[in-house]
Amino acid sequence: MPERTPMIAGNWKMNLGLKESRDLVKSIAEGIKAMGDVDVLVAPPFINIPAVKSAIGKSNILLAAQNMYHEKSGAYTGEVAPQMLLENGCTHVILGHSERRSIFSETSEMVNKRVEAAIKAGLIPIVCIGETIKEREAGKTFDILGAQLEGSLAYFIAKESISLSAIIAYEPVWAIGTGLTATPEQAQEVHKFIRAWLKDRFGGESSGTIRILYGGSVKPENAPDLMSMPDIDGALVGGASLTAASFLGIINYK
Ligand code: PGA
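Each chain carries its own residue numbering, running from 1 in the written order of its sequence. In keeping with the model being predicted, local features are shown solely for residues with a pLDDT of at least 70 and side-chain atom pairs are shown and tallied solely at 80 or more, while totals for entire chains, interfaces and linings include all residues. Neither water nor hydrogens contribute to the side-chain values; these are computed over all heavy atoms in the structure.

Chemist: Help me out: how do you make sense of the overall build of the protein in this one?
Modeler: The number of helices and strands found in the protein is 12 helices and eight strands. As defined in this context, the radius of gyration uses C-alpha atoms, and a globule is described by 2.2 Å times the residue total to the power 0.38. Relative to the compact-globule value of 18 Å for 254 residues, the protein shows a C-alpha radius of gyration of 17 Å, a close match. Here the protein, with 254 residues, has 52% of them falling under the buried criterion. Restricting to contacts in the protein with at least 6 residues of sequence separation, those with at least 24 account for 72%. Numbering of helices and strands runs from the N terminus, with a helix taken as a DSSP run of H or I at least four residues long and a strand as a DSSP run of E at least two residues long. The buried label goes to any residue with under 20% of its type's maximum accessible area, the exposed label to any with over 50%, and the partly exposed label to all in between, with areas taken from a 1.4 Å probe on protein chains only. Whether two residues are in contact is decided by their heavy atoms: any pair within 4.5 Å suffices.

What follows is the structure, given as structure tokens:
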């Protein structure tokens, strides 16, 4: 099986001012100097992306946006296009985060259009999926996740091939910002399902290579157990990515 380099990604959401953003990324860069074998990524709000890019300097911290629109340009007030993200130093873009889906009514169909636009522009999509507590308790977790995968990755399904650099993030909605983390076993069960889905759709090379991140109340304390699971290749971290101490604590999970 191919080696998958773990990724620890910080989703800053609508947090941190300009100075705080610069200071945080500099502290992370300082802290990760001695750490190898982990890809570290931060996703600031759009407006702070250029400042964070310049604060990253020569460090190899990767930069992502938290969302984007699928069109190249035009009359789409308030939206940001893929090329704009690239020009400002992003290599990745988070798509379909549950907050985008639930608060801003984004659907898997919309996510799919953005996935296609990201790939065509040369950005790596981090595609988020996750079930609500109601869906889990009703025994519908795998149906919901399967439908989200089918819908959000329809572009790849139509091509019968998926970009090996694409990333999937499993974020149970009930674990985001709640302090309730999925147990390592619960997360592993879902990650295994996602990997089997990838294998079924795109074959063994894809399922062996594509990274599947877990997100939902990841902290330095629970990261080692989550990361020890065979199908968990990294973490998408919200709250605990907002201070250098906790984010570095997760990055240094080994
Ligand atoms: P959390 O958020 O770590 O604060 O739960 C994770 C996310 O929404 O990506």
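Chemist: When you look at the side chain of arginine 101 in this model, what are you seeing that I'm missing?
Modeler: Note that arginine 101 resides in helix 4 (residues 98-103). In summary, the charge assignment counts Lys and Arg as positive and Asp and Glu as negative, without counting His or the chain termini. Here, a salt bridge means any side-chain nitrogen of Lys or Arg that lies within 4 Å of a carboxyl oxygen of Asp or Glu. One buried charge, arginine 101, has no salt-bridge partner; the nearest side chain with opposite charge is glutamate 106, at 7.3 Å. Polar contacts involving the side chain of arginine 101 include one to the side chain of serine 152, which spans 3.1 Å. The contacts of arginine 101, once residues within four sequence positions are left out, are Gly96, Glu106, Thr107, Ser108, Val111, Cys128, Ile129, Gln148 and Ser152. What qualifies as a polar contact is a pair of N or O atoms within 3.5 Å, subject to a donor-acceptor requirement within protein and to the restriction that residues adjacent in sequence count only when both atoms come from side chains.

Chemist: Teacher, can you tell me more about the site of the ligand here?
Modeler: The immediate surroundings of the ligand are formed by 13 residues, with Lys13, His97, Glu171, Gly177 and Ser217 found nearest. One of the side-chain N or O atoms of lysine 13 is found 2.7 Å from an oxygen atom in the ligand. Between the ligand and glutamate 171, the relevant distance is 2.7 Å, taken from an oxygen atom to a side-chain nitrogen or oxygen of the residue. Here the Shrake-Rupley method, with its probe set to 1.4 Å, supplies the accessible areas, and only the displayed protein chains count as covering residues. When isolated, the ligand has an accessible area of 280 Å², and the protein chains bury 95% of it. For this classification, the nonpolar set comprises Ala, Val, Leu, Ile, Met, Phe, Trp, Tyr, Cys and Pro, the charged set comprises Asp, Glu, Lys and Arg, and every other residue, Gly included, is treated as polar. When grouped by side-chain class, the residues that make up the shell around the ligand number four nonpolar, seven polar and two charged. When at least one non-hydrogen atom of a residue lies within 4 Å of a molecule or strand, that residue is treated as near it.

Chemist: Before we go on, may I ask you to explain the environment of alanine 121 in this structure?
Modeler: One can find alanine 121 in helix 5 (residues 108-121). We classify alanine 121 as partly exposed; its relative accessible area is 24%. In this structure, alanine 121 is in contact with Pro82 and Leu86, ignoring residues within four places of it in sequence.

Chemist: What is the right way to read the state of the cysteines from this model?
Modeler: Any covalent bond linking the sulfur atoms of two cysteines counts as a disulfide. When two cysteine sulfur atoms lie within 2.5 Å, the pair is treated as a disulfide. Taken as a whole and judged by the stated rule, the model has zero disulfides. Cysteine cysteine 90 is unpaired, with the sulfur of cysteine 128 as its nearest cysteine sulfur at 15 Å. Using a relative accessible area of 2% as the deciding quantity, one classes cysteine 90 as buried. Take cysteine 128: its relative accessible area is 1%, and that puts it in the buried class.

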